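If you want the building blocks of each chain, they are given just below.
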Amino acid sequence: MRRASTKSWPYASALNALAVFLLAASGPVISLAASGQMVLGRRNELFLARLQPGKDTLEAAAKVFGGQLQKTVSSTQNEKWTDACTGRTVTLEANAQGVIQEITMDYGTKLRPACTPQMYAAAERELFWQTGHGVKLGDSRQHLIEMYGKPGSTSPSVKDGRELELLYYAFYWAGSNVPQVMEVSCERATGRVVEILLAYPSL
């Protein structure tokens, strides 16, 4: 068997050092395979609408949304907050202790008549309407995949007469104390994100 030249060792060591540096700098996005090659890793999500399922409470949600969104549904374990201008909604499901278990963010209905372009632009800038990694309602399917990788599965779906594609991500590999599932619905006609769900327990 032909032995590898020792002249290549410094080059290989430099590549390994670069790989370790990138791993430390990029966290879960890049991982080092057993073979020593760089491979794209997986990225999980902790937050949606500035809240973390499994940790934040309905009381915390009121502090985040209060004064800017309207509470349109309320019970001891369920709340729905709506933006009066765009019609976008955030729906929260909590356990008996008030800890949020599931968050669903929806693109909402058409623009409200009283919503001026300036009001709409201000609503668009709100951090409510995105994930912790910055994927927003209205973003492209391609951008979603660039951020989180390929989904575990996809399936057709229909809501309010719209044909959708449901992209399913499971985060069990990130540990049991973080949100476990993210489901993203994209409109088939445009490829745009219209709904995002993030859940603490496995669905």
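Residues numbered from 1 in each chain as written. Predicted model: local features only at pLDDT ≥ 70, side-chain atom pairs only at ≥ 80, totals over all residues. Heavy atoms only, no water.

> What exactly am I supposed to notice about the nonpolar core here?
Most often, soluble globular proteins keep nonpolar side chains buried together rather than apart. Ranked by internal contacts, the top residues of the largest apolar core, which has 32 residues, are Phe65 and Leu92. Of all the elements in the fold, those that place two or more residues in this core are helix H2 (58-65), strand E5 (89-94), strand E6 (100-106), helix H4 (141-148), strand E8 (162-170), strand E9 (181-187) and strand E10 (193-199). (Core = buried A, V, L, I, M, F, W, Y, C linked by side-chain atoms within 4.5 Å. Buried < 20%, exposed > 50% of the residue type's maximum accessible area, 1.4 Å probe, protein only. Helix = DSSP H or I, 4+ residues; strand = E, 2+ residues; numbered from the N terminus.)

> Even after reading the chapter, I still don't get the layout of surface pockets, so can you show me in this structure?
If a probe as big as a water molecule is rolled over the atoms, it shows which places are left empty. Considered as a void within the structure, the largest pocket measures approximately 180 Å³ in volume. If you trace the largest pocket, you find 13 residues lining it, with Arg42, Lys150, Tyr169, Ala170 and Trp173 closest to the centre. Looking at the lining of the largest pocket residue by residue, the class counts come to 7 nonpolar, 3 polar and 3 charged. (1 Å grid on protein atoms, 1.4 Å probe; cavity = no way out; pocket = protein on both sides within 12 Å on 5 of 7 lines; lining within 4 Å. Points joined across faces, edges and corners; volume = space filled by probe spheres on them. Nonpolar A, V, L, I, M, F, W, Y, C, P; charged D, E, K, R; others polar.)

> What is the right way to read the sheet that holds E5 from this model?
Sheet strands associate in pairs through backbone hydrogen bonding, adopting either a parallel or an antiparallel arrangement. Taken together, 8 strands build an open sheet; the order of strands is E3-E4-E5-E6-E10-E9-E8-E7 and the sheet is antiparallel. The sheet is open, and its two edges are formed by strand E3 (70-74) and strand E7 (153-159), each paired on a single side. Going across the sheet, the axis of each strand differs from the next one's by a mean of 20 degrees, ignoring polarity. Pairing of E7 with E8 involves 7 bridges; the strand directions are antiparallel. The residue bridging Pro156 from the neighbouring strand is Glu165, located in E8. Sitting on the sheet, H2 touches strand E4 (78-82), E5 and E6, and the angle it makes with E5 is about 165 degrees. Against the sheet, H4 contacts E7, E8 and E9, and its axis sits at roughly 5 degrees relative to E8. (Pairing = 2+ DSSP bridges. Axes fitted to C-alpha atoms, helices over the stretch in contact; angles between N-to-C directions. Contact = heavy atoms within 4.5 Å.)

> Would you take a moment to explain the packing of aromatic side chains for this structure?
Aromatic rings in a pair are described by how distant their centres are and how their planes are angled relative to each other. This structure, assessed with the given rule, holds 5 aromatic pairs. Measuring from ring centre to ring centre gives 6.1 Å for Phe128 and Trp129, while their planes differ by 90 degrees; the resulting arrangement is edge-to-face. Judged by relative accessible area, which is 2%, Trp129 ranks as buried. (Phe/Tyr/Trp six-rings, centres within 6.5 Å; stacked < 30°, edge-to-face > 60°.)

> I would appreciate a short explanation of the confidence of the model for the protein in the present structure.
Interpretation of this model should avoid reading the predicted coordinates in detail wherever pLDDT is low. Averaged over all residues, the pLDDT of the protein equals 80, while 76% of them reach at least 70. The model gives residues 1-40 a pLDDT under 50, and that stretch makes 24 contacts with residues more than four places away or in other chains. (pLDDT = per-residue confidence, 0-100.)

> Could you clarify how one ought to interpret unusual backbone geometry in this entry?
Trans peptide bonds make up most of the peptide bonds, and negative phi angles are found at most residues other than glycine. Positive phi is not limited to glycine here, since Ala49 has a value of about 55 degrees. Secondary-structure assignment places Ala49 in the loop between strand E2 (38-40) and H2. Overall, Ala49 belongs to the buried group, its relative accessible area being 0%. Here Arg50, not a glycine, exhibits a phi torsion of approximately 65 degrees, which is positive. Looking at the element boundaries, Arg50 is found in the loop between E2 and H2.

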